[in-house]
Amino acid sequence: MAKRKILKTVAKTLAVLVVLVGVAVAVALYVMARKDKEHAKFYNTGKAVNSLLGSYSKAVREGFEKRDASMVARLYSDRFASPARGRWVMREDAAESDVSVFRLAADGRQDYSKADIGDEVSRYFSTLSSIKNIWTKIDMIEEVELEKRVVVRVKFILDGVDPRGAVFQDRHFYRWTLANEAPPGAAIEWKVVKDELIEGLRVAGDGGGFREISPAAVGIDFKHSRDPKLNAEKNSARMKFDIIEHGSGGASVVDYDGDDRQDIFFPDGVRSRLYRNVGDAAAGEVRFADVTSAAGLDGIDQANAGIFADVDNDGDSDLFVARYLAPNKFFLNKGDGTFSDRSKEMGLSLDSTSVTATFLDYDLDGFVDLYVGAYGDAFNDIPRLPFFAQNAKPNRLYHNEGGRGFRDVTQESGTGDTGWALAVGAGDYDRDGDPDIAVANDFGRKCLFRNNGDGTFTDAAKDAGVLDFSGGMGLTFGDFDDDGYLDLYTSNINSNQRWFGEDMTVSQYVRNVART
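One structure accompanies this document, and this report is about it. As the structure is a computational prediction, the values presented were derived from the model and not from experiment. (Residues numbered from 1 in each chain as written. Predicted model: local features only at pLDDT ≥ 70, side-chain atom pairs only at ≥ 80, totals over all residues. Heavy atoms only, no water.)

1. Re the overall build of the protein
Helix and strand counts for the protein stand at seven helices and 26 strands. If one aligns the C-alpha atoms of the protein with their principal axes, the spans along those axes are about 100 × 80 × 50 Å. Counting contacts in the protein only where the partners sit at least 6 residues apart, residues at least 24 apart contribute 56% of the total. As displayed, the protein offers around 26,400 Å² of accessible surface, 52% of which is attributable to carbon and sulfur atoms. Averaging the coordinates of the 65 positive side-chain charges in the protein and doing the same for the 82 negative ones gives two points 13 Å apart. (Helix = DSSP H or I, 4+ residues; strand = E, 2+ residues; numbered from the N terminus. Contact = heavy atoms within 4.5 Å. Areas by Shrake-Rupley, 256 points an atom, 1.4 Å probe, with all protein chains shown as cover. Lys, Arg positive; Asp, Glu negative; His and termini not counted. Charge placed at Lys NZ, Arg CZ, Asp CG, Glu CD.)

Listed below in structure tokens is the structure:
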């Protein structure tokens with residue numbers, strides 16, 4: 001009897017638990033279904049904004065060609081009103097060398113209506129002689145009422161020629177308030193109901209600052225080839241992330257032979273090349289010779305980056321090559337125009353997903369150290385959380401052991417970020433005397449590793465204001481305003497999908513993962 005009672009009690013308990021779990025699952029599915037509908041509205045909202053921006057670019061081009069400002073103005077609502085907006089005018093700013101700079105600024109505090117917009121567009125058309133390219137992109141969605149109202153920061157870029165024959169680029173940032181003026185049940189039809197100028201710039205010149213020279217005419221017959229194993233057409237079925245096929249390429253400039261002429265190294269997927277500068281600068285002659293084989297650098301494939309530095313302090317530049325899903329390479333400069341493969345001896349033959357690297361003397365011991373950025377494994381991984389992917393191979397920091405070899409100090413230094421790195425750089429941004437490290441990650445954020453001066457680093461990207469969630473492509477340090485502090489320039493993928501990185505989409509991604 002006692003046993004039967006226990007079994008009944010257990011059965012009742014399990015039944016209650018099953019009911020509770022069933023109710024919990026039903027509630028979760030109901031909540032997820034509601035959230036799915038909300039996300040669908042969010043997706044449609046952003047997609048429709050993109051469509052409006054595409055229509056805006058098209059209207060500017062066709063309106064200019066037909067000298068018809070109404071083609072642009074019709075994208076504005078009849079209810080358009082921007083109180084105290086003022087008229088937007090180009091004002092000449094300080095010139096930089098032979099380049100003229102103009103800033104777009106508000107003149108006065110006149111209220112603007114739709115009729116005023118047409119006049120302003122006509123004035124803008126009068127500053128153009130021809131249009132080459134136009135892009136209108138979402139910079140950021142600042143406010144959103146799904147399928148009803150959006151406040152969006154817009155980036156407008158136009159390349160063209162002005163009436164004086166100057167080549168220019170306009171780069172304007174606006175804040176638009178959009179309202180859906182479609183009838184109920186119809187597709188979203190955004191109209192601009194208010195606008196605001198954030199900033200605008202025109203940079204113009206005669207286009208003669210550089211002279212294009214055919215590479216073949218000066219002895220450079222290099223043509224980039226991707227790593228055959230990353231050819232998506234042949235290997236897409238084996239790869240989880242075949243976009244990697246577009247990732248490689250680049251060049252390095254170095255005086256490898258100490259003759260005071262800059263030579264060029266091209267990393268390549270099939271055959272990397274070194275070209276020696278044999279031109280006569282005094283006579284204005286530009287000429288290069290392919291010395292890849294003679295220098296002992298033949299056979300370098302699967303390469304994404306080649307960087308030079310004097311690793312052993314013997315006065316000439318040595319070469320490190322970052323290779324993707326292949327052992328990295330290090331070549332010691334022998335000082336006679338040739339290189340010797342010392343990858344294993346120097347501890348730099350790691351087989352990983354290396355795509356970028358930079359030299360720096362992080363501990364100020366007089367020997368340059370090495371930081372290597374790694375991407376994800378395209379055959380086994382895709383970026384998880386597309387806006388904060390952290391499932392790539394770790395970046396690596398190597399300490400130079402007095403020119404005799406390198407020691408991996410990634411873990412103790414705290415620099416092993418696992419974002420999908422595409423670019424790394426080094427510079428003393430805080431002027432404390434030691435170099436810091438910056439990382440641009442695809443499908444994620446930037447890192448700024450502040451050197452603590454004791455062999456460790458702290459990621460200060462958020463505090464320094466450079467977190468910048470986006471598709472990071474490249475970066476470099478430089479003091480652009482000559483104030484003695486290094487500035488950081490980053491390049492991101494030119495995408496119109498940044499709006500999709502909002503919390504709502506990340507939540508949807510998590511829900512989809514939970515379902516599977």
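2. Notes on the sheet that holds strand β23 (residues 446-451)
With respect to topology, four strands assemble into an open sheet ordered β21-β22-β23-β24, the strand pairing being antiparallel. Either end of the sheet is taken by a strand with one partner, and the two such strands are β21 (420-427) and β24 (457-459). The mean angle between the axes of side-by-side strands here comes to 20 degrees, regardless of whether they run parallel or antiparallel. Examined bridge by bridge, β23 and β24 share three bridges and lie antiparallel to one another. Following the sheet pairing, Arg450 is matched in β24 by Thr458. (Pairing = 2+ DSSP bridges. Axes fitted to C-alpha atoms, helices over the stretch in contact; angles between N-to-C directions.)

3. Description of the sheet that holds strand β7 (residues 167-180)
Spatial ordering of the open sheet is given by β2-β3-β8-β7-β6-β5, a layout of six strands whose pairing is antiparallel. Of all strands in the sheet, those with a lone pairing partner are β2 (87-92) and β5 (130-145), marking the two edges. Geometrically, the sheet is characterised by an average inter-axis angle of 20 degrees between neighbouring strands, direction not taken into account. Direction of pairing for strand β3 (residues 100-107) relative to strand β8 (residues 190-205): antiparallel, over a ladder of five bridges. Each bridged residue has a counterpart across the sheet, and for Ser100 the counterpart in β8 is Ala204. Contacts between helix α3 (residues 114-125) and the sheet are confined to β2, β6 (149-161), β7 and β8, with β2 contributing the most and set at about 20 degrees to the helix.

4. Focus: empty space enclosed by the protein
Scanning the model with the defined rule gives one cavity of 30 Å³ or more in all. Its volume calculated, the largest cavity comes out at about 60 Å³. Taken together, Asp227, Leu230, Ile244, Ser248, Gly269, Gln302, Ala303, Asn304 and Tyr324 make up the lining of the largest cavity. Partitioned by chemical class, the residues of the lining of the largest cavity number four nonpolar, four polar and one charged. (1 Å grid on protein atoms, 1.4 Å probe; cavity = no way out; pocket = protein on both sides within 12 Å on 5 of 7 lines; lining within 4 Å. Points joined across faces, edges and corners; volume = space filled by probe spheres on them. Nonpolar A, V, L, I, M, F, W, Y, C, P; charged D, E, K, R; others polar.)

5. Thoughts on the pattern of salt bridges
Opposite charge on two side chains permits them to pair, given that their charged atoms come into close proximity. Scanning the model with the defined rule gives 31 salt bridges in all. In this structure, Arg396 and Asp408 form a salt bridge, with 2.9 Å as the shortest nitrogen-oxygen distance. You can see Arg396 sitting in strand β19 (residues 396-400) and its partner Asp408 sitting in strand β20 (residues 406-408), a full twelve residues away along the chain. For Asp408, a relative accessible area of 32% translates into the label partly exposed. Close ionic contact of Asp459 with Arg445 constitutes a salt bridge, the shortest N to O distance being 2.3 Å. Pair noted here: Asp459 is in strand β24 and Arg445 is in the loop between β22 (436-442) and β23, with a separation of 14 residues, a long-range link. Taken together, the shared-partner salt bridges in this structure form one network comprising Asp139, Glu142, Arg153, Arg175 and Glu196. (Salt bridge = Lys/Arg side-chain N within 4 Å of Asp/Glu carboxyl O. Buried < 20%, exposed > 50% of the residue type's maximum accessible area, 1.4 Å probe, protein only.)

6. Remarks on the pairing of strand β15 (residues 329-333)
Among the five residues in β15, four count as buried, and that is most of the element. By the bridge criterion, three bridges tie strand β14 (residues 318-327) to β15 in an arrangement that is antiparallel. Opposite Leu319, over in β15, you have Phe331 as the bridge partner. Here β14 folds back onto β15, and the loop between the two strands holds one residue. The pairing of β15 with strand β16 (residues 339-341) spans three bridges and is classified as antiparallel. Bridge pairing in β16 links Asn333 to Phe339. The antiparallel hairpin formed by β15 and β16 contains five residues in its connecting segment, where Gly335 sits at a positive phi of about 85 degrees.

7. Focus on the nonpolar core
Counting residues in each nonpolar core, the largest one holds 39 residues, and the members touching the most others are Tyr56, Val60, Phe125, Leu158, Trp176 and Leu178. Contributions of two or more residues to this core are made by α1 (2-66), α3, β5, β6, β7 and β8. Ranked by residues supplied to this core, first place goes to α1 with eight residues. If we skip the residues at most four places from it in the chain, Leu158 touches Val60, Tyr124, Leu128, Ile131, Asn133, Ile134, Phe168, Gln169 and Asp170. Counting 16 residues, the second-largest nonpolar core is a separate cluster that includes Ala305, Phe320, Leu370 and Phe406. (Core = buried A, V, L, I, M, F, W, Y, C linked by side-chain atoms within 4.5 Å.)

8. Overview of unusual backbone geometry
Positive phi is not limited to glycine here, since Ala84 has a value of about 55 degrees. Looking at where Ala84 falls in the secondary structure, it is placed in the loop between β1 (81-82) and β2. A positive phi angle is found at Asn313, which is not glycine, with a value near 55 degrees. Its location among the elements puts Asn313 in the loop between β13 (303-309) and β14.

9. Here we look at the environment of Asp242
Along the chain, Asp242 falls in the loop between α4 (232-235) and β9 (252-254). Exposure remark for Asp242: the relative accessible area of 27% places this residue in the partly exposed category. For the pair Asp242 and Ile382, spaced 140 residues apart in sequence, the C-alpha to C-alpha distance is 9.3 Å. Once residues lying within four places of it in the same chain are set aside, the contact partners of Asp242 are Ala232 and Ser236.

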